[in-house]
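Each chain, letter by letter, is given below.
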Amino acid sequence: MHDVEARVLDAIDAAETVNLLAEAVRVPSVTGTDAESDLQHHYARLLTGLGMDVDVWKLDLGDLAGRPGFPGTEAPRTEGYGVVAVTEGEGVPALALQGHVDVVPTGDLAKWEGSDPFAARISGDVLHGRGACDMKAGLVANLAVARAIHRAGVRLVRPLAVHCVISEEDGGLGAFATLERGHTAEAAVISEPTSGTVITANAGALTFRLELAGRAAHGATRQEGVNAVEVFWPVFEAIRRLEAARNSDVPEVFRGNALPYPIEIGTVRAGDWASSVPDLLVAEGRLGVRLDEDPAAARAAFEEAVARVAHPWLRANPPVVTWPGGQFASGRLPAGHELLGEVSRAVADTTGAAPVEAAAPYGSDLRLYTAGGIPTLHYGPGDVRFAHAPREQVALGELLAVTRALALLAVRRCGVR
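As the structure is a prediction and not an experimental result, all values here were calculated from the model. (Residues numbered from 1 in each chain as written. Predicted model: local features only at pLDDT ≥ 70, side-chain atom pairs only at ≥ 80, totals over all residues. Heavy atoms only, no water.)

*Asks:* Go over the environment of Thr-350 with me, naming the residues and quoting the values.
*Replies:* Looking at the secondary structure, you find Thr-350 in helix α10 (residues 338-351). Here Ala-346 takes part through its backbone oxygen, which lies 2.8 Å from a polar atom of the side chain of Thr-350. At 3.2 Å, the side chain of Thr-350 forms a polar contact with the backbone oxygen of Val-347. (Helix = DSSP H or I, 4+ residues; strand = E, 2+ residues; numbered from the N terminus. Polar contact = N/O pair within 3.5 Å; in protein donor to acceptor, adjacent residues only side chain to side chain.)

*Asks:* So what about the packing of α10 against helix α12 (residues 396-414)? Which residues, and what values?
*Replies:* Contact geometry for α10 and α12: axes closest at 8 Å, N-to-C directions at 130°. Of the possible angle classes, the one that applies to α10 and α12 is oblique. Crossing of α10 over α12 shows right-handed handedness. Residues Glu-338, Glu-342, Val-343, Arg-345, Ala-346, Val-347, Asp-349, Thr-350 and Thr-351 of α10 form the contact with α12, whose own contacting residues are Ala-401, Arg-404, Ala-405, Leu-408, Leu-409, Arg-412 and Arg-413. Its residues assigned to classes, the contact of α10 with α12 shows seven nonpolar, two polar and seven charged. (Axes fitted to C-alpha atoms, helices over the stretch in contact; angles between N-to-C directions. Parallel < 35°, antiparallel > 145°, perpendicular 65-115°, else oblique. Left-handed = near helix turned anticlockwise from the far one by under 90°. Contact = heavy atoms within 4.5 Å. Nonpolar A, V, L, I, M, F, W, Y, C, P; charged D, E, K, R; others polar.)

*Asks:* With reference to specific residues and values, describe the environment of Asp-383.
*Replies:* Looking at the secondary structure, you find Asp-383 in the loop between β16 (376-378) and β17 (393-395). Between the C-alpha atoms of Asp-383 and Thr-194, which are 189 residues apart in sequence, the distance is 6.0 Å. Apart from residues no more than four positions distant in its own chain, Asp-383 is found in contact with Cys-133, Pro-193 and Ser-195. Within the local environment of Asp-383, its side chain forms a polar contact with the side chain of Arg-385, the two groups lying 2.7 Å apart.

*Asks:* Requested: an account of the packing of aromatic side chains, with residues and values cited.
*Replies:* Within this structure, the stated rule accounts for seven aromatic pairs. Taking 6.1 Å as the distance between ring centres and 50° as the angle between the ring planes, the aromatic pair formed by Phe-232 and Phe-236 counts as tilted. Taken together, the residues Phe-232 and Phe-236, both in helix α7 (residues 228-246) and four residues apart, mark about one turn of the helix. Per residue, the accessibility class of Phe-232 equals that of Phe-236, and both read buried. Between Trp-233 and Phe-236 the ring centres are 5.2 Å apart and the planes differ by 25°, which places this aromatic pair in the stacked class. On the criterion of helical spacing, the pair formed by Trp-233 and Phe-236 is a turn pair, its members being three residues apart in helix α7. Judged by its relative accessible area of 48%, Trp-233 falls in the partly exposed class. With a relative accessible area of 17%, Phe-236 lands in the buried category. By the ring-pair criterion, three or more aromatic residues cluster together here, those being Phe-208, Phe-302 and Trp-323. Directly above the ring of Trp-323 sits Arg-299, whose terminal nitrogen or CZ lies 6.0 Å from the centroid. (Phe/Tyr/Trp six-rings, centres within 6.5 Å; stacked < 30°, edge-to-face > 60°. Buried < 20%, exposed > 50% of the residue type's maximum accessible area, 1.4 Å probe, protein only. Lys NZ or Arg CZ within 6 Å of the ring centre and 35° of its normal.)

*Asks:* Describe the pattern of salt bridges, listing the residues and the values that go with them.
*Replies:* This model, assessed by the stated rule, comprises 28 salt bridges. Its salt-bridge partner being Glu-5, residue Arg-412 comes within 3.1 Å of it at the nearest N-O pair. Of this pair, Arg-412 sits in helix α12 while Glu-5 is found in helix α1 (residues 3-10), placing the two residues 407 residues apart along the sequence. Under the relative-accessibility criterion, Arg-412 is labelled partly exposed at 35%. Residue class for Glu-5 comes out buried when judged on its relative accessible area of 7%. Look at the salt bridges and you will find they share partners, linking Arg-158, Glu-186, Glu-338, Glu-342 and Arg-413 into a network. (Salt bridge = Lys/Arg side-chain N within 4 Å of Asp/Glu carboxyl O.)

Okay, structure coming up:
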(Lines give C-alpha, C1' and ligand atoms only; values in the text may rest on other atoms or scores of the structure.)
Protein backbone atom coordinates (compact mmCIF):
# COMPACT_ATOMS: atom_id res chain seq x y z
CA MET A 1 0.00 0.00 0.00
CA HIS A 2 1.40 3.39 -1.01
CA ASP A 3 2.08 6.11 1.54
CA VAL A 4 -0.75 8.27 0.13
CA GLU A 5 -3.21 5.40 0.47
CA ALA A 6 -2.16 4.81 4.05
CA ARG A 7 -2.49 8.51 4.81
CA VAL A 8 -6.07 8.56 3.55
CA LEU A 9 -6.99 5.47 5.57
CA ASP A 10 -5.43 7.00 8.68
CA ALA A 11 -7.57 10.10 8.14
CA ILE A 12 -10.80 8.13 8.65
CA ASP A 13 -12.06 9.08 12.11
CA ALA A 14 -14.05 6.14 13.52
CA ALA A 15 -15.87 8.07 16.25
CA GLU A 16 -16.72 10.90 13.88
CA THR A 17 -18.09 8.45 11.31
CA VAL A 18 -20.31 6.77 13.90
CA ASN A 19 -21.58 10.16 15.03
CA LEU A 20 -22.39 11.08 11.42
CA LEU A 21 -24.47 7.93 11.15
CA ALA A 22 -26.32 8.62 14.39
CA GLU A 23 -27.11 12.15 13.21
CA ALA A 24 -28.43 10.83 9.91
CA VAL A 25 -30.67 8.19 11.51
CA ARG A 26 -32.18 10.84 13.79
CA VAL A 27 -33.52 12.64 10.70
CA PRO A 28 -36.85 10.87 9.92
CA SER A 29 -36.38 11.09 6.16
CA VAL A 30 -39.29 8.87 5.12
CA THR A 31 -39.61 9.00 1.35
CA GLY A 32 -41.74 11.92 0.22
CA THR A 33 -41.56 13.88 3.50
CA ASP A 34 -40.00 17.25 4.24
CA ALA A 35 -37.30 15.50 6.26
CA GLU A 36 -36.04 13.89 3.07
CA SER A 37 -35.27 17.38 1.74
CA ASP A 38 -33.79 18.40 5.10
CA LEU A 39 -31.25 15.59 4.93
CA GLN A 40 -30.33 16.46 1.35
CA HIS A 41 -29.54 20.03 2.38
CA HIS A 42 -27.57 18.75 5.39
CA TYR A 43 -25.37 16.62 3.16
CA ALA A 44 -24.95 19.47 0.69
CA ARG A 45 -23.56 21.66 3.50
CA LEU A 46 -21.20 18.93 4.71
CA LEU A 47 -19.86 18.26 1.22
CA THR A 48 -19.44 21.97 0.50
CA GLY A 49 -17.32 22.15 3.66
CA LEU A 50 -14.94 19.66 2.07
CA GLY A 51 -14.16 22.07 -0.76
CA MET A 52 -16.14 20.06 -3.31
CA ASP A 53 -18.11 21.60 -6.16
CA VAL A 54 -21.68 20.93 -5.02
CA ASP A 55 -24.73 21.04 -7.28
CA VAL A 56 -28.00 21.37 -5.35
CA TRP A 57 -31.16 21.68 -7.41
CA LYS A 58 -34.89 21.46 -6.94
CA LEU A 59 -36.43 18.71 -9.03
CA ASP A 60 -39.08 19.69 -11.56
CA LEU A 61 -41.43 16.84 -10.69
CA GLY A 62 -43.86 17.47 -13.54
CA ASP A 63 -41.16 17.65 -16.18
CA LEU A 64 -39.45 14.48 -14.94
CA ALA A 65 -42.74 12.54 -14.93
CA GLY A 66 -43.14 13.23 -18.64
CA ARG A 67 -39.68 12.10 -19.71
CA PRO A 68 -38.93 8.75 -21.36
CA GLY A 69 -37.79 6.17 -18.83
CA PHE A 70 -39.47 7.84 -15.85
CA PRO A 71 -39.28 5.14 -13.14
CA GLY A 72 -42.57 5.91 -11.39
CA THR A 73 -43.23 6.85 -7.78
CA GLU A 74 -45.47 5.58 -4.99
CA ALA A 75 -45.15 8.10 -2.17
CA PRO A 76 -46.98 11.45 -2.39
CA ARG A 77 -44.42 14.17 -2.99
CA THR A 78 -44.55 17.95 -3.27
CA GLU A 79 -40.81 18.54 -3.69
CA GLY A 80 -37.46 16.90 -4.07
CA TYR A 81 -33.81 17.92 -4.29
CA GLY A 82 -30.76 16.53 -5.97
CA VAL A 83 -27.26 16.76 -4.50
CA VAL A 84 -24.05 15.94 -6.38
CA ALA A 85 -20.60 16.88 -5.11
CA VAL A 86 -17.43 16.60 -7.21
CA THR A 87 -13.80 17.02 -6.20
CA GLU A 88 -11.31 18.92 -8.31
CA GLY A 89 -9.66 16.95 -11.06
CA GLU A 90 -9.58 16.56 -14.82
CA GLY A 91 -12.41 15.26 -16.95
CA VAL A 92 -15.39 13.09 -16.08
CA PRO A 93 -15.37 11.67 -12.53
CA ALA A 94 -13.52 8.38 -12.47
CA LEU A 95 -15.81 7.15 -9.70
CA ALA A 96 -19.18 8.09 -8.24
CA LEU A 97 -20.22 6.92 -4.79
CA GLN A 98 -24.02 6.93 -4.59
CA GLY A 99 -26.59 6.52 -1.85
CA HIS A 100 -30.22 7.39 -1.14
CA VAL A 101 -31.36 9.47 1.83
CA ASP A 102 -34.95 8.21 1.97
CA VAL A 103 -36.20 5.44 4.23
CA VAL A 104 -39.44 3.46 4.37
CA PRO A 105 -42.12 4.16 7.00
CA THR A 106 -41.64 2.72 10.48
CA GLY A 107 -44.67 0.46 10.77
CA ASP A 108 -46.04 -0.40 14.22
CA LEU A 109 -44.04 1.65 16.74
CA ALA A 110 -44.81 -0.86 19.49
CA LYS A 111 -42.59 -3.38 17.73
CA TRP A 112 -39.52 -1.15 18.05
CA GLU A 113 -37.44 -1.53 21.19
CA GLY A 114 -37.78 1.79 22.99
CA SER A 115 -40.61 2.67 20.56
CA ASP A 116 -38.49 5.32 18.81
CA PRO A 117 -37.22 4.14 15.41
CA PHE A 118 -35.18 7.32 14.97
CA ALA A 119 -33.33 7.33 18.30
CA ALA A 120 -30.13 5.86 16.77
CA ARG A 121 -29.69 3.59 19.78
CA ILE A 122 -26.21 2.04 20.07
CA SER A 123 -25.75 -1.31 21.78
CA GLY A 124 -22.21 -2.61 21.71
CA ASP A 125 -21.02 -2.56 18.10
CA VAL A 126 -24.52 -2.15 16.64
CA LEU A 127 -26.54 0.97 15.84
CA HIS A 128 -30.30 0.45 15.72
CA GLY A 129 -32.88 2.57 13.90
CA ARG A 130 -34.90 3.06 10.76
CA GLY A 131 -32.51 3.62 7.87
CA ALA A 132 -29.40 2.50 9.76
CA CYS A 133 -28.97 -0.38 7.33
CA ASP A 134 -30.94 0.85 4.32
CA MET A 135 -28.97 2.88 3.64
CA LYS A 136 -27.69 5.68 5.84
CA ALA A 137 -24.63 3.67 6.84
CA GLY A 138 -23.72 3.55 3.16
CA LEU A 139 -24.38 7.27 2.74
CA VAL A 140 -22.13 8.05 5.67
CA ALA A 141 -19.40 5.77 4.31
CA ASN A 142 -19.46 7.78 1.06
CA LEU A 143 -19.22 11.05 2.95
CA ALA A 144 -16.45 9.71 5.20
CA VAL A 145 -14.42 8.74 2.12
CA ALA A 146 -14.61 12.28 0.74
CA ARG A 147 -13.80 13.69 4.16
CA ALA A 148 -10.74 11.45 4.61
CA ILE A 149 -9.32 12.41 1.19
CA HIS A 150 -9.84 16.09 2.02
CA ARG A 151 -8.38 15.77 5.51
CA ALA A 152 -5.32 13.90 4.22
CA GLY A 153 -4.61 16.76 1.82
CA VAL A 154 -4.69 14.45 -1.18
CA ARG A 155 -5.36 15.95 -4.62
CA LEU A 156 -6.92 13.55 -7.12
CA VAL A 157 -5.98 13.41 -10.78
CA ARG A 158 -9.53 12.49 -11.84
CA PRO A 159 -12.57 13.77 -9.93
CA LEU A 160 -14.45 11.76 -7.32
CA ALA A 161 -18.23 12.34 -7.24
CA VAL A 162 -20.65 11.79 -4.39
CA HIS A 163 -24.32 11.43 -5.42
CA CYS A 164 -27.01 11.81 -2.76
CA VAL A 165 -30.45 10.94 -4.11
CA ILE A 166 -34.05 10.79 -2.95
CA SER A 167 -36.96 8.47 -3.71
CA GLU A 168 -35.04 5.24 -4.23
CA GLU A 169 -37.51 3.35 -2.08
CA ASP A 170 -40.46 4.14 -4.33
CA GLY A 171 -38.93 3.90 -7.77
CA GLY A 172 -35.67 5.80 -8.22
CA LEU A 173 -36.83 9.32 -9.05
CA GLY A 174 -33.71 10.86 -7.46
CA ALA A 175 -31.26 8.75 -9.47
CA PHE A 176 -33.28 9.36 -12.63
CA ALA A 177 -33.20 13.12 -12.01
CA THR A 178 -29.45 13.05 -11.33
CA LEU A 179 -28.71 11.31 -14.61
CA GLU A 180 -31.15 13.51 -16.52
CA ARG A 181 -29.31 16.57 -15.17
CA GLY A 182 -26.19 15.30 -16.92
CA HIS A 183 -24.18 14.00 -13.98
CA THR A 184 -22.14 10.98 -14.95
CA ALA A 185 -19.01 8.99 -14.11
CA GLU A 186 -16.81 6.28 -15.59
CA ALA A 187 -18.04 3.87 -12.91
CA ALA A 188 -20.15 3.93 -9.76
CA VAL A 189 -20.49 2.10 -6.47
CA ILE A 190 -23.85 2.24 -4.72
CA SER A 191 -23.20 1.57 -1.04
CA GLU A 192 -26.40 -0.39 -0.39
CA PRO A 193 -26.13 -3.09 2.31
CA THR A 194 -24.37 -6.19 0.91
CA SER A 195 -23.10 -8.13 3.98
CA GLY A 196 -19.54 -8.11 2.70
CA THR A 197 -20.38 -9.38 -0.78
CA VAL A 198 -20.15 -7.44 -4.03
CA ILE A 199 -23.51 -7.25 -5.78
CA THR A 200 -23.05 -7.00 -9.54
CA ALA A 201 -26.65 -7.59 -10.65
CA ASN A 202 -30.18 -6.80 -9.50
CA ALA A 203 -33.43 -8.43 -10.40
CA GLY A 204 -36.20 -5.94 -11.07
CA ALA A 205 -39.52 -5.35 -9.34
CA LEU A 206 -42.75 -4.02 -10.83
CA THR A 207 -45.65 -2.83 -8.68
CA PHE A 208 -49.01 -4.21 -9.78
CA ARG A 209 -52.63 -3.63 -8.77
CA LEU A 210 -55.38 -6.24 -9.12
CA GLU A 211 -59.08 -5.42 -9.01
CA LEU A 212 -61.55 -8.30 -8.75
CA ALA A 213 -65.29 -7.71 -8.88
CA GLY A 214 -67.83 -9.64 -6.83
CA ARG A 215 -71.57 -9.22 -6.43
CA ALA A 216 -72.92 -7.55 -3.31
CA ALA A 217 -75.63 -9.10 -1.16
CA HIS A 218 -76.72 -9.15 2.47
CA GLY A 219 -74.50 -11.40 4.53
CA ALA A 220 -77.57 -13.32 5.68
CA THR A 221 -78.33 -14.22 2.07
CA ARG A 222 -74.76 -14.62 0.90
CA GLN A 223 -75.65 -17.22 -1.72
CA GLU A 224 -77.29 -14.39 -3.68
CA GLY A 225 -73.92 -12.68 -3.98
CA VAL A 226 -70.40 -13.48 -5.14
CA ASN A 227 -67.65 -12.89 -2.60
CA ALA A 228 -64.72 -11.05 -4.18
CA VAL A 229 -62.40 -12.54 -1.53
CA GLU A 230 -63.41 -16.05 -2.53
CA VAL A 231 -62.82 -15.49 -6.26
CA PHE A 232 -59.43 -13.95 -5.47
CA TRP A 233 -58.10 -17.24 -4.08
CA PRO A 234 -57.68 -19.05 -7.43
CA VAL A 235 -55.96 -15.92 -8.76
CA PHE A 236 -53.54 -16.02 -5.82
CA GLU A 237 -52.84 -19.70 -6.50
CA ALA A 238 -52.14 -18.89 -10.16
CA ILE A 239 -49.67 -16.20 -9.07
CA ARG A 240 -47.86 -18.72 -6.88
CA ARG A 241 -47.63 -21.16 -9.83
CA LEU A 242 -46.25 -18.37 -12.03
CA GLU A 243 -43.66 -17.55 -9.36
CA ALA A 244 -42.50 -21.18 -9.25
CA ALA A 245 -42.20 -21.32 -13.03
CA ARG A 246 -40.21 -18.09 -13.25
CA ASN A 247 -37.76 -19.34 -10.60
CA SER A 248 -37.25 -22.83 -12.05
CA ASP A 249 -34.01 -21.97 -13.86
CA VAL A 250 -31.94 -19.10 -12.45
CA PRO A 251 -28.46 -17.77 -13.29
CA GLU A 252 -25.43 -18.99 -11.38
CA VAL A 253 -24.87 -15.50 -9.95
CA PHE A 254 -27.95 -16.14 -7.77
CA ARG A 255 -26.45 -19.32 -6.29
CA GLY A 256 -27.79 -20.02 -2.82
CA ASN A 257 -30.95 -17.98 -3.43
CA ALA A 258 -33.94 -20.26 -3.93
CA LEU A 259 -36.27 -17.43 -4.92
CA PRO A 260 -34.49 -14.60 -6.77
CA TYR A 261 -37.65 -13.49 -8.60
CA PRO A 262 -40.38 -13.45 -5.95
CA ILE A 263 -43.95 -12.36 -6.57
CA GLU A 264 -45.79 -11.17 -3.50
CA ILE A 265 -49.14 -9.65 -2.58
CA GLY A 266 -48.45 -6.80 -0.16
CA THR A 267 -51.91 -5.36 0.47
CA VAL A 268 -55.45 -6.70 0.16
CA ARG A 269 -58.60 -4.61 0.69
CA ALA A 270 -62.17 -5.84 0.29
CA GLY A 271 -65.68 -4.92 1.38
CA ASP A 272 -67.17 -1.91 3.11
CA TRP A 273 -69.60 -3.47 5.61
CA ALA A 274 -69.30 -6.43 7.98
CA SER A 275 -72.67 -7.95 7.08
CA SER A 276 -72.37 -7.55 3.31
CA VAL A 277 -70.87 -9.77 0.64
CA PRO A 278 -67.85 -7.79 -0.65
CA ASP A 279 -68.25 -6.76 -4.26
CA LEU A 280 -64.68 -5.54 -4.83
CA LEU A 281 -61.22 -6.74 -3.82
CA VAL A 282 -58.12 -4.68 -4.53
CA ALA A 283 -54.73 -6.34 -4.13
CA GLU A 284 -51.34 -4.73 -4.70
CA GLY A 285 -47.97 -6.40 -4.88
CA ARG A 286 -44.63 -6.72 -6.60
CA LEU A 287 -43.54 -8.84 -9.53
CA GLY A 288 -39.90 -9.90 -9.74
CA VAL A 289 -38.24 -9.16 -13.09
CA ARG A 290 -35.64 -11.64 -14.30
CA LEU A 291 -32.14 -10.55 -15.25
CA ASP A 292 -32.10 -9.02 -18.75
CA GLU A 293 -35.88 -9.45 -19.09
CA ASP A 294 -37.83 -6.66 -20.74
CA PRO A 295 -40.26 -5.34 -18.09
CA ALA A 296 -42.98 -5.37 -20.78
CA ALA A 297 -42.49 -9.13 -21.14
CA ALA A 298 -42.73 -9.61 -17.37
CA ARG A 299 -45.97 -7.64 -17.28
CA ALA A 300 -47.39 -9.68 -20.14
CA ALA A 301 -46.53 -12.98 -18.41
CA PHE A 302 -48.28 -11.85 -15.24
CA GLU A 303 -51.36 -10.58 -17.05
CA GLU A 304 -51.61 -13.81 -19.04
CA ALA A 305 -51.36 -15.97 -15.91
CA VAL A 306 -54.16 -14.00 -14.26
CA ALA A 307 -56.34 -14.09 -17.36
CA ARG A 308 -55.98 -17.89 -17.70
CA VAL A 309 -57.54 -18.63 -14.28
CA ALA A 310 -60.36 -21.11 -14.89
CA HIS A 311 -63.27 -19.80 -12.87
CA PRO A 312 -66.78 -19.22 -14.24
CA TRP A 313 -67.26 -15.88 -12.51
CA LEU A 314 -63.82 -14.60 -13.55
CA ARG A 315 -64.39 -15.56 -17.18
CA ALA A 316 -67.41 -13.26 -17.22
CA ASN A 317 -65.79 -10.68 -14.92
CA PRO A 318 -62.06 -10.73 -15.67
CA PRO A 319 -59.66 -9.22 -13.14
CA VAL A 320 -58.25 -5.81 -14.02
CA VAL A 321 -54.45 -5.51 -13.83
CA THR A 322 -52.71 -2.13 -13.75
CA TRP A 323 -49.12 -1.10 -13.07
CA PRO A 324 -48.92 1.91 -10.74
CA GLY A 325 -45.97 3.01 -8.62
CA GLY A 326 -42.33 2.05 -8.87
CA GLN A 327 -41.15 0.13 -11.92
CA PHE A 328 -37.67 -1.34 -11.37
CA ALA A 329 -36.09 -3.04 -14.37
CA SER A 330 -33.22 -5.46 -13.79
CA GLY A 331 -29.62 -4.38 -14.24
CA ARG A 332 -26.10 -5.69 -14.08
CA LEU A 333 -22.45 -4.69 -14.30
CA PRO A 334 -21.14 -5.53 -17.78
CA ALA A 335 -19.38 -8.90 -17.81
CA GLY A 336 -15.64 -8.61 -17.32
CA HIS A 337 -15.72 -4.93 -16.31
CA GLU A 338 -12.62 -3.84 -14.38
CA LEU A 339 -14.66 -2.29 -11.54
CA LEU A 340 -15.35 -5.70 -9.99
CA GLY A 341 -11.65 -6.50 -9.72
CA GLU A 342 -10.83 -3.03 -8.42
CA VAL A 343 -13.43 -3.24 -5.65
CA SER A 344 -12.40 -6.80 -4.77
CA ARG A 345 -8.74 -5.80 -4.43
CA ALA A 346 -9.59 -2.78 -2.30
CA VAL A 347 -11.69 -4.95 0.00
CA ALA A 348 -9.02 -7.65 0.21
CA ASP A 349 -6.26 -5.11 0.92
CA THR A 350 -8.23 -3.52 3.79
CA THR A 351 -9.94 -6.57 5.31
CA GLY A 352 -7.61 -9.41 4.41
CA ALA A 353 -10.30 -11.36 2.52
CA ALA A 354 -11.60 -11.02 -1.03
CA PRO A 355 -15.37 -10.61 -1.29
CA VAL A 356 -17.75 -12.99 -3.04
CA GLU A 357 -19.70 -11.80 -6.11
CA ALA A 358 -23.48 -12.21 -5.96
CA ALA A 359 -26.77 -10.88 -7.32
CA ALA A 360 -29.70 -9.40 -5.40
CA PRO A 361 -33.41 -10.25 -5.77
CA TYR A 362 -34.56 -6.65 -5.35
CA GLY A 363 -34.54 -3.60 -7.59
CA SER A 364 -32.31 -0.61 -6.99
CA ASP A 365 -30.82 2.48 -8.60
CA LEU A 366 -28.17 0.23 -10.15
CA ARG A 367 -30.39 -0.42 -13.17
CA LEU A 368 -30.77 3.32 -13.86
CA TYR A 369 -27.02 3.94 -13.69
CA THR A 370 -26.15 0.97 -15.90
CA ALA A 371 -28.89 1.94 -18.38
CA GLY A 372 -27.36 5.42 -18.37
CA GLY A 373 -24.00 4.02 -19.44
CA ILE A 374 -22.33 4.00 -16.00
CA PRO A 375 -20.99 0.55 -15.01
CA THR A 376 -22.23 0.08 -11.44
CA LEU A 377 -22.19 -2.40 -8.56
CA HIS A 378 -23.23 -2.50 -4.92
CA TYR A 379 -20.86 -2.69 -1.97
CA GLY A 380 -21.90 -1.32 1.39
CA PRO A 381 -22.37 -1.90 5.12
CA GLY A 382 -25.31 -3.81 6.54
CA ASP A 383 -27.36 -6.96 6.09
CA VAL A 384 -30.38 -6.45 3.82
CA ARG A 385 -32.40 -8.84 6.01
CA PHE A 386 -32.57 -6.02 8.58
CA ALA A 387 -33.83 -3.50 6.01
CA HIS A 388 -37.49 -2.37 6.28
CA ALA A 389 -37.82 -4.28 9.56
CA PRO A 390 -38.46 -3.12 13.15
CA ARG A 391 -35.11 -4.63 14.15
CA GLU A 392 -33.21 -2.55 11.54
CA GLN A 393 -29.57 -2.21 12.52
CA VAL A 394 -26.02 -2.04 11.23
CA ALA A 395 -22.73 -3.23 12.69
CA LEU A 396 -20.42 -0.27 13.23
CA GLY A 397 -17.35 -2.36 12.51
CA GLU A 398 -18.80 -3.12 9.09
CA LEU A 399 -19.46 0.59 8.49
CA LEU A 400 -15.81 1.38 9.14
CA ALA A 401 -14.52 -1.57 7.09
CA VAL A 402 -16.57 -0.51 4.07
CA THR A 403 -15.44 3.10 4.47
CA ARG A 404 -11.80 1.99 4.37
CA ALA A 405 -12.33 -0.18 1.29
CA LEU A 406 -14.19 2.56 -0.60
CA ALA A 407 -11.54 5.12 0.34
CA LEU A 408 -8.81 2.89 -1.06
CA LEU A 409 -10.87 2.30 -4.21
CA ALA A 410 -11.40 6.02 -4.68
CA VAL A 411 -7.71 6.89 -4.34
CA ARG A 412 -6.63 4.13 -6.70
CA ARG A 413 -9.29 4.72 -9.33
CA CYS A 414 -9.03 8.50 -9.36
CA GLY A 415 -5.24 8.65 -8.95
CA VAL A 416 -3.23 11.18 -6.97
CA ARG A 417 -1.16 14.15 -8.06
